[in-house]
Amino acid sequence: MRENKNKLRQEVKSRLMELTKEEHEVLSNRIAENLFALEEWKNADTIGITISIPPEVPTVRIIEQAWSEGKVVAVPKCDPEKKTMEFKKISSFNQLESVYYGLLEPVAETAKACKEELDALIVPGLAFNKEGYRLGFGGGYYDRFLSNYRGDTLALTYELQLMDGLPIEVHDLAVGKLITPSRVIRTYAH
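Keep in mind that this is a model prediction, so the values were computed, not measured.

Parameters at a glance
- Residues numbered from 1 in each chain as written.
- Predicted model: local features only at pLDDT ≥ 70, side-chain atom pairs only at ≥ 80, totals over all residues.
- Heavy atoms only, no water.
- UniProt positions renumbered as here; feature names shortened; annotations may be inferred.
- Helix = DSSP H or I, 4+ residues; strand = E, 2+ residues; numbered from the N terminus.
- Contact = heavy atoms within 4.5 Å.
- Pairing = 2+ DSSP bridges.
- Axes fitted to C-alpha atoms, helices over the stretch in contact; angles between N-to-C directions.

Q: How should I be thinking about the UniProt feature "binding site: substrate" (unreviewed entry) in the protein chain in this particular structure?
A: Annotation from UniProt places "binding site: substrate" (unreviewed entry) at I51 and E56. Looking at the element boundaries, I51 is found in the loop between β1 (46–48) and α4 (60–68). Non-local contacts of I51, meaning those with residues more than four positions away in its chain, are made with T59, I63, V75, F93, L96 and L104. Its location among the elements puts E56 in the loop between β1 and α4.

Q: What am I meant to see in the sheet that holds strand β10 (residues 152–156) here?
A: With respect to topology, 8 strands assemble into an open sheet ordered β6-β3-β2-β1-β7-β10-β11-β12, the strand pairing being mixed. Every other strand in the sheet has two partners, leaving β6 (112–113) and β12 (184–186) as the edge strands with one partner each. As judged from the 3 bridges shared by strand β11 (residues 177–179) and β12, these two strands associate in the antiparallel manner. Note that in β12 the partner of L178 across the bridge is I185. Running over the sheet, α4 touches β2 (72–79), β3 (84–90), β7 (120–122) and β10 and is turned about 135 degrees from β2.

Q: Explanation requested: unusual backbone geometry in the structure shown.
A: Most peptide bonds take the trans form, and the phi angle of most residues other than glycine is negative. Omega for the bond connecting P54 with P55 falls within 30 degrees of zero, at 10 degrees, which places this linkage in the cis form. The topology assignment puts P55 in the loop between β1 and α4. One non-glycine residue, K83, adopts positive backbone phi at about 60 degrees. Tracing the backbone through its elements, the reader meets K83 in the loop between β2 and β3.

Okay, structure coming up:
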């Protein structure tokens, strides 16, 4: 199973790398517009979101939009030893530091956002199926975090990241909606 997942991760990453800079830009703008039109976005006071790294759907513009609408933005800080993560509130990109794999995370001093405060969580992934199951990056952080999360779960995805036949394991949890450049897919988890 692990080998299968790693092979799939590489496949999706290389497919994403084939998109031109312009395609990434156009498609990610459409994804952002579809997100901003959702009730889950409009009703959320606090949004949980990662700072994306290429070739993921970029999240900087989404975070800036959230701030401009007066929303609280919380980004994850991972504890690699415990394999857990908590969300920290940021009001500026200056509150981030580069950690392992070039990921940006909040500096330690930033205020914690309780799980209950997160109205909507934008869950990252490399591939998704139409039921909302995802292939993550392999750390298992989100599966653990989502196990008792009660807010809305959303995922931003290019169409080429949607695939049938994803390897699903018992502990995998589906997200409520998949947001692509051309549509919003409501999943069974909703």
